[in-house]
Amino acid sequence: MTAPPYERVARLSWPRVVFVGLVAAFAVFTIPTLVDKHSWTGVTISVAVTAILAYVYLTPKRIAARFLVPGTILLLAFQVYPVAYTISTAFTNYGDGHRLTQSQAVAQIEADSVMEQPGAQRYELSVATKSVDTSGAFVFFLTDPDGKVERGDASGVTPVPDAQVTKDPFTGKVIKAAGWHILTGIQVNGLGQRLAAFAVPTQGGFIKSVGLSEAYVGQFTMKYDAAAHTMTDTRTNTVYKESDGAFRAADGSGKTLPIGWKIGVGFKNFTSVLTNAAIRGPFLRVLIWTIAFAVLSVLTTFALGLLLAVVMDHPRMRGRKLYSSLLLLPYAMPAFITTLVWSSMYNKDFGLLNKLFGTHIDWLGSPWAARGSVLLTNLWLGFPYMFLVCAGLLQAVPQELKEVARVDGASAFRVFRSVTMPTVLIGAMPLLIASFGYNFNNFNLIRLLTDGGPYPSGSSTAGDTDILISYTYRLAFGGQGAQYGLASAISFLIFVLVGLITYGGFRQTRQLEEVYAR
Amino acid sequence: MKERLWWRHLVGLAALVFALVPIIFLVSAALNPVGTLSTTSLLPTGASLSNFSKLFHDPNSPYVRWYVNTLVICGVSAILNVLIGVSGAYAFSRLRFRGRRAGLTGIMLVQMFPNFISLTALYLTFISIGGVLPAFGLNTSLGLILVYLGGAMGVNTWLLKGYLDTIPGELDESARIDGATETQVFFKVILPLARPMLVVVGLFSFVSFLNEILLAGVFLTDTKHKTLAVGLYGLVSGNHNTDYGEFAAGSLLAGVPVVLIYLYLQKYLVKGLTAGAVKG
């Protein structure tokens, strides 16, 4: 079926042209902004995306690509790229105290160390911008005690003739300047961190703001020696040497400056999971519970679901429809809601369970009770799914085979074991593997129910009900000392583990199918 | 000899008790006039709508906004998700092209990476996107929808491919012989045939976005931009006791429509759930 070229051109349908036109219009609309912000990566991406879409949708050849390109672009941008970025950080020390590049860290340490010298002069300060809003760069207008005005920016100070400015008659503060917008106090306050980090270099040191309308000349107390790679604290004459992405005191006192920088550490994050006892202990404990949790969740939900499906599977059983509608409810109700409801039912003081049973059990407070509670809740959340699946698969069991077995004198249990079970298992196996993979990374359940707790004494990163993914989440985003590099390395290990288990599981299924499909 | 059925009902009733206790408890908490966890018992002690009116008038929890946000974010994401997913599935099921097998495996592999860890990378990406296109930055529904669509060519593509493989190829082959283009085959032949499955996959996507708290929690920090999951979690995360009635009322209003849709689509669900198993 090769159509002549003119016909192919004729098939250039208008929805595709409109689509490509819209994409191109969007690119035309955004590119000036991107150029304005010097975002060359952005320009490259939007030009490339537009070109690819135009090529795929306006030329006749790329039929398969038309169906795949939009999804693939989104996949690359919002899954593949972030994952690749993450894997690359697994080989660094990225985390709290190691977020900057080295030159940024040096600049930050020096800027933070600017201190006002006793008796040094102060300036009246006005902050000004070129544009009306405060998003762009700003400058300082500084009036010294003699009334002379200077303008300061990141490269230094320049004198400003009195003719160009209007000064407040009492304080001398600049209130108008030709070509500049003087910011109001509220706007200056809104600059926040940007104002605090801003320093104007001058001969004696740096001019920094103090409050909203004053500035002082301060001096570095930390000095970086680029040749010797050292940082010196001029107040105490302590010398800090570069080592492993941080400045460490050379006097052997073990003191380290809080701001370090990001460096490559090779496979250290991976090996420390096995060699560093402080990480290995919690990691193995969490790993074992993760596997136990995932296996037990699959087994309990499947067992209950299958039991109910078998019980309901009888031709004279009345109310089957009603039963299955009601049993569907735990599955149909959004899980984030019901998990939170369970969490409150477990509450020691006000919870429903203790009220119903007249007990005073700390369900989520002791390790084994908490683990049991997690499994119970997950059983509740998961059994209707398995019930639906098993009920569907039971329909597929050949009735004649059952009859034949029964006529041959097999007991009901024997029929179930030798005829029903194999059929159900073959059908359910891929879903059981998928369910294992899902529960292995069941972040929401742990996060909403226990948040990993209770925590064994002396450990604040790995709780007794933590599974790998919630533990890793805490490592990466936890309140104290985020270890992003290590968390990325563990994520990679989770990825490999889940991949291997799934792969092995599917191979097993295929063998199972071969055994029964003889 | 007639087989006795009473024990089947006994097991069924026990299962019903287990299944329904938390849900009845939620209803009774929503109707509880006092509105605290400590005063809520299993069966409703009163029938008051005070929690509902509190929910709609509490300035700290703009419930209606959350509801609308959730409908928009989850609805748009689910529809586009299905559309992108089924396009991919169509290509993998019906067309032959270079890199087809590798593409299928690649999609599966990317899904296995615990992608919450790429949160930081996504966060940084969206800070820069927001700098250029504020409508797609952090704290916007559009930005979150984009992130959700990153996973559109994923599990759903596999699931839908499995289903499309069961639709006989003769149907689209005859349409092609009649001169239909691939686009026409896709829209006029395959999509109508796959509709039940598309509805199920759409529903599953909708519910999974509804339950999503991790990305939504990081991306939407402004109270008025939050989704129901993030907002309602905020109501009880700090203090389980005092705002419990409000949480329960809000949860009920969020959950009941989903439950009704599930019940309505019940017969398709089983098909949808086992479709992945039909062909891997």
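Conventions adopted
Residues numbered from 1 in each chain as written. Chains lettered and ligands numbered in written order. Predicted model: local features only at pLDDT ≥ 70, side-chain atom pairs only at ≥ 80, totals over all residues. Heavy atoms only, no water. Helix = DSSP H or I, 4+ residues; strand = E, 2+ residues; numbered from the N terminus. Contact = heavy atoms within 4.5 Å. Areas by Shrake-Rupley, 256 points an atom, 1.4 Å probe, with all protein chains shown as cover. Lys, Arg positive; Asp, Glu negative; His and termini not counted. Charge placed at Lys NZ, Arg CZ, Asp CG, Glu CD. Rg over C-alpha atoms; globule rule 2.2 N^0.38 Å. Buried < 20%, exposed > 50% of the residue type's maximum accessible area, 1.4 Å probe, protein only. Buried area = accessible area lost by both parts, 1.4 Å probe. Nonpolar A, V, L, I, M, F, W, Y, C, P; charged D, E, K, R; others polar. Phe/Tyr/Trp six-rings, centres within 6.5 Å; stacked < 30°, edge-to-face > 60°. pLDDT = per-residue confidence, 0-100. Expected span 1.5 Å × (residues − 1). Axes fitted to C-alpha atoms, helices over the stretch in contact; angles between N-to-C directions. Left-handed = near helix turned anticlockwise from the far one by under 90°. Pairing = 2+ DSSP bridges. Patch = residues over 30% accessible without salt bridge, like charges linked within 9 Å, V, L, I, M, F, W, Y side chains within 5 Å. Salt bridge = Lys/Arg side-chain N within 4 Å of Asp/Glu carboxyl O.

Visitor: Which parts of the structure should I look at to understand the overall build of chain B?
Guide: From N to C terminus, chain B includes 14 helices and zero strands. Each helix (α) and strand (β) of chain B, taken in turn from the N terminus, gives the series α-α-α-α-α-α-α-α-α-α-α-α-α-α. Put simply, of all contacts in chain B between residues at least 6 apart along the chain, 70% involve residues at least 24 apart. Total accessible area on chain B is roughly 12100 Å²; 67% of this is exposed by carbon and sulfur atoms. Distance from the positive charge centre (19 side chains) to the negative charge centre (12 side chains) of chain B: 6 Å.

Visitor: What is the right way to look at the overall build of chain A in this model?
Guide: What chain A contains, in helices and strands, is 18 helices and 15 strands. Relative to the 2.2 N^0.38 estimate, which gives 24 Å for 518 residues, the radius of gyration of chain A is 34 Å and therefore markedly larger than a compact globule would have. Each principal axis of the C-alpha atoms in chain A carries an extent, and together these give about 115 × 80 × 45 Å. Looking at chain A residue by residue over its 518 residues, the buried ones come to 45%.

Visitor: Would you mind going over unusual backbone geometry with me for this structure?
Guide: Most peptide bonds take the trans configuration, and most residues that are not glycine carry a negative phi. Residues and elements named next belong to chain A. Unlike most non-glycine residues, histidine 229 shows phi in positive territory, near 55°. The topology assignment puts histidine 229 in the loop between strand 12 (222-225) and strand 13 (230-233). Phi at aspartate 451 is positive, roughly 55°, even though this residue is not glycine. Among the structural elements, aspartate 451 can be located in the loop between helix 16 (443-449) and helix 17 (468-477).

Visitor: How should the interface of chain B and chain A be read in this particular structure?
Guide: Where interface size is quoted, it is often the accessible area lost as the parts come together. With 95 residues of chain B in contact, the opposing surface of chain A contributes 94 residues. In this assembly, chain B packs against chain A so that about 8200 Å² is buried in total across both faces, 79% of it on carbon and sulfur atoms. With 16 residues, the single largest contributor to the side of chain B that touches chain A is helix 1 (residues 6-31) of chain B. Split by residue class, the side of chain B that touches chain A holds 64 nonpolar, 26 polar and five charged.

Visitor: Would you mind going over the packing of aromatic side chains with me for this structure?
Guide: Both the distance between ring centres and the angle between the ring planes are used here to describe each pair of aromatic rings. Scanning the model with the defined rule gives 35 aromatic pairs over all chains in all. Relative to tryptophan 180 of chain A, the ring of phenylalanine 141 of chain A has its centre 6.1 Å away and its plane inclined at 80°; by these criteria the two rings are edge-to-face. Of the two residues, phenylalanine 141 of chain A is situated in strand 3 (residues 138-143) and tryptophan 180 of chain A in the loop between strand 7 (174-177) and strand 8 (181-182); the sequence distance between them amounts to 39 residues. No difference in accessibility class separates phenylalanine 141 of chain A from tryptophan 180 of chain A, as the two residues are buried. Ring plane angle 45° and centroid distance 5.5 Å describe the contact between tyrosine 244 of chain B and phenylalanine 247 of chain B, whose orientation is recorded as tilted. Placement of both tyrosine 244 of chain B and phenylalanine 247 of chain B in helix 13 (residues 244-264) is noted, with a separation of three residues, approximately one turn of the helix. We note that tyrosine 244 of chain B, like phenylalanine 247 of chain B, is buried.

Visitor: How should the confidence of the model for chain A be read in this particular structure?
Guide: Detailed reading of the predicted model is not advised wherever pLDDT is low. Scored by pLDDT, chain A comes out at a mean of 84, with 95% of its residues at no less than 70. Counting interchain partners and residues more than four positions distant, the pLDDT-below-50 stretch residues 1-10 of chain A has four contacts.

Visitor: What's the story with helix 5 (residues 119-132) of chain B in this structure? I'm lost.
Guide: Turn by turn, an α-helix covers 3.6 residues, leaving residues three or four places apart pointing in a common direction. The end-to-end C-alpha separation of helix 5 of chain B is 20 Å, in line with the 20 Å expected for 14 residues at 1.5 Å each. Buried residues of helix 5 of chain B: Leu119, Thr120, Ala121, Leu122, Thr125, Phe126 and Val132 of chain B, and no others.

Visitor: How should the packing of helix 10 (residues 320-332) of chain A against helix 1 of chain B be read in this particular structure?
Guide: In a packed pair of helices, the relevant descriptors are the angle between the two axes and the axis-to-axis distance. Orientation of helix 10 of chain A relative to helix 1 of chain B, taken along the N-to-C sense of each, is 35°, at an axis distance of 8 Å. The two elements helix 10 of chain A and helix 1 of chain B cross, and the hand of that crossing is left-handed. Of the residues in helix 1 of chain B, those in contact with Tyr323, Leu326, Leu327, Leu329 and Pro330 of chain A of helix 10 of chain A are His9, Gly12, Leu13, Ala15, Leu16, Ala19, Leu20 and Ile23 of chain B. Its residues placed into classes, the contact of helix 10 of chain A with helix 1 of chain B shows eleven nonpolar, two polar and no charged.

Visitor: Is there a simple way to think about the pairing of strand 7 of chain A in this case?
Guide: In summary, the side chains of a regular strand alternate between the two faces of the sheet. All names here are of chain A. The sheet contact formed by strand 6 (residues 165-167) and strand 7 spans three bridges and is antiparallel. In the sheet register, threonine 166 faces strand 7, and the bridge partner there is lysine 176. Hairpin connection from strand 6 to strand 7: six residues lie between these consecutive antiparallel strands, with glycine 172 at a positive phi of about 85°.

Visitor: I tried to follow the sheet that holds strand 13 of chain A on my own but got confused; where do I start?
Guide: Two pairing modes exist for strands in a sheet, parallel and antiparallel, and in both the strands are linked by backbone hydrogen bonds. All names here are of chain A. Taken together, four strands build an open sheet; the order of strands is 12-13-14-15 and the sheet is antiparallel. A single partner strand is all that each edge strand has here, and the edge strands are strand 12 and strand 15 (246-249). Geometrically, the sheet is characterised by an average inter-axis angle of 30° between neighbouring strands, direction not taken into account. Judged from the four bridges that link them, strand 14 (residues 238-243) and strand 15 form a sheet pairing that is antiparallel. When the sheet's bridge partners are listed, lysine 241 is paired in strand 15 with arginine 248. Sheet strands touched by helix 5 (residues 102-112): strand 12, strand 13, strand 14 and strand 15. Its angle to strand 12, the strand with the most contacts, is close to 150°.

Visitor: Just checking my understanding: could you explain a nonpolar patch on the surface for this structure?
Guide: Residues and elements named next belong to chain B. Taken together, the side chains of Phe56, Val64, Val68, Val72, Val76, Leu80, Leu83 and Leu253 define a hydrophobic patch exposed on the protein surface, amounting to about 600 Å² of accessible area. The element contributing the most residues to the nonpolar patch is helix 3 (residues 63-94), with six residues. With respect to the secondary-structure elements, leucine 253 resides in helix 13. Relative accessible area serves as the criterion here: at 30%, leucine 253 is assigned to the partly exposed category.

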